[in-house]
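# Remarks on the overall topology
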Amino acid sequence: MKLQDLILEKAIVPTLKGAKRDECIGELLAALAKGGAFKPALKDEFLKAVVKREKKGSTGFGHGVAVPHVKTTEVQRCVVAVGLHAAGIDFNSLDRQPVHAIFLLLSPEEHPEAHLEAMETLFGTLSQEQFRKFLKQAKSVADVVTLLEEADA
């Protein structure tokens, strides 16, 4: 599985505006809805589900990156939104550092193997220091797309 298979280009937000975790997750969900990943009326339901998942344990795994995720019957395939936050936000990360990049994953509930494969793809790439460094420097959708293409190559 490639990053470009997962990430919806219309749901890349290079400048998240929210000052808090839940606001940024809401921005990413809005981008996914606008990009056609799910019905816009479901945004609030998804936000509640993602926040509930975060309360079980932070998905901020360190190094300035978080991968909030939720399984749902409302999507047919795994889809990811990417958001960048220059100042960084508190995500209750394992290393207690601010998060600058959020990869929000929605997965079909009836295909747990697809969810695992998507998580492996994301974590495999996000664990690379050079990828994270360039991601933090990205300023536009085009910058992020170029970085994803290079990571998939």
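Cut-offs and rules
- Residues numbered from 1 in each chain as written.
- Predicted model: local features only at pLDDT ≥ 70, side-chain atom pairs only at ≥ 80, totals over all residues.
- Heavy atoms only, no water.
- Helix = DSSP H or I, 4+ residues; strand = E, 2+ residues; numbered from the N terminus.
- Contact = heavy atoms within 4.5 Å.
- Areas by Shrake-Rupley, 256 points an atom, 1.4 Å probe, with all protein chains shown as cover.
- Lys, Arg positive; Asp, Glu negative; His and termini not counted.
- Charge placed at Lys NZ, Arg CZ, Asp CG, Glu CD.
- Buried < 20%, exposed > 50% of the residue type's maximum accessible area, 1.4 Å probe, protein only.
- Axes fitted to C-alpha atoms, helices over the stretch in contact; angles between N-to-C directions.
- Parallel < 35°, antiparallel > 145°, perpendicular 65-115°, else oblique.
- Left-handed = near helix turned anticlockwise from the far one by under 90°.
- Nonpolar A, V, L, I, M, F, W, Y, C, P; charged D, E, K, R; others polar.
- Core = buried A, V, L, I, M, F, W, Y, C linked by side-chain atoms within 4.5 Å.
- Expected span 1.5 Å × (residues − 1).
- Arc of directions from axis to C-beta.

Another point: the overall build of the protein. Counting secondary structure elements, the protein contains 6 helices and 6 strands. Each helix and strand of the protein, placed in order from N terminus to C terminus, yields the pattern α-β-α-α-β-β-β-β-β-α-α-α. Dimensions of the protein along its principal axes, counting C-alpha atoms only, are 35 × 30 × 25 Å. In the protein, the share of contacts with a sequence separation of at least 24, taken over all contacts with a separation of at least 6, comes to 70%. Accessible area for the protein stands at about 8000 Å²; split by element, carbon and sulfur atoms hold 52% of it. Here the protein contributes 20 positive and 21 negative side-chain charges, whose respective centroids are spaced 6 Å apart.

Its place among the elements puts His 85 in strand 5 (residues 79-89). Judged by its relative accessible area of 10%, His 85 falls in the buried class. Once residues lying within four places of it in the same chain are set aside, the contact partners of His 85 are Leu 16, Gly 18, Cys 24, Val 99 and His 100.

Turning to the packing of helix 5 (residues 129-137) against helix 6 (residues 141-152), a few remarks are in order. Interaxial distance between helix 5 and helix 6 falls to 10 Å at its minimum, and their mutual angle equals 165°. The pairing of helix 5 with helix 6 is recorded here as roughly antiparallel in orientation. Considering only the axes of helix 5 and helix 6, their crossing is right-handed. Contact residues: Phe 131, Phe 134 and Leu 135 in helix 5; Leu 147, Leu 148 and Ala 151 in helix 6. Residues that form the contact of helix 5 with helix 6 fall into these classes: 6 nonpolar, no polar and no charged.

Time to look at the nonpolar core. Counting 26 residues, the largest nonpolar core has Leu 32, Phe 38, Ile 102, Leu 104 and Leu 106 as the members making the most contacts within it. At the level of elements, strand 1 (7-13), helix 2 (21-34), helix 3 (43-56), strand 5 and strand 6 (99-108) are the ones that each hand at least two residues to this core. Looking at this core element by element, the count peaks at 7 residues for helix 2. Those residues within four positions of Ile 102 in sequence are excluded, and the remaining contacts are Leu 16, Cys 24, Leu 28, Ala 66, Pro 68, Ala 81, Val 82, Gly 83, Ile 89 and Phe 91. In terms of nonpolar packing, the next biggest core, distinct from the first, is built from 25 residues, Val 80, Ala 118, Leu 126 and Phe 131 among them.

Turning our attention to helix 3. The end-to-end C-alpha distance of helix 3, which contains 14 residues, comes to 20 Å, matching closely the 20 Å that a straight helix rising 1.5 Å per residue would cover. Residues of helix 3 that are buried include every one of Phe 46, Val 50, Val 51 and Glu 54, and no others. The buried residues of helix 3 all sit within an arc of 130° when viewed along its axis, so they share a single face. Seen from the open side of helix 3, the exposed residues pointing more than 90 degrees away from its buried face are Lys 48, Lys 52, Lys 55 and Lys 56.

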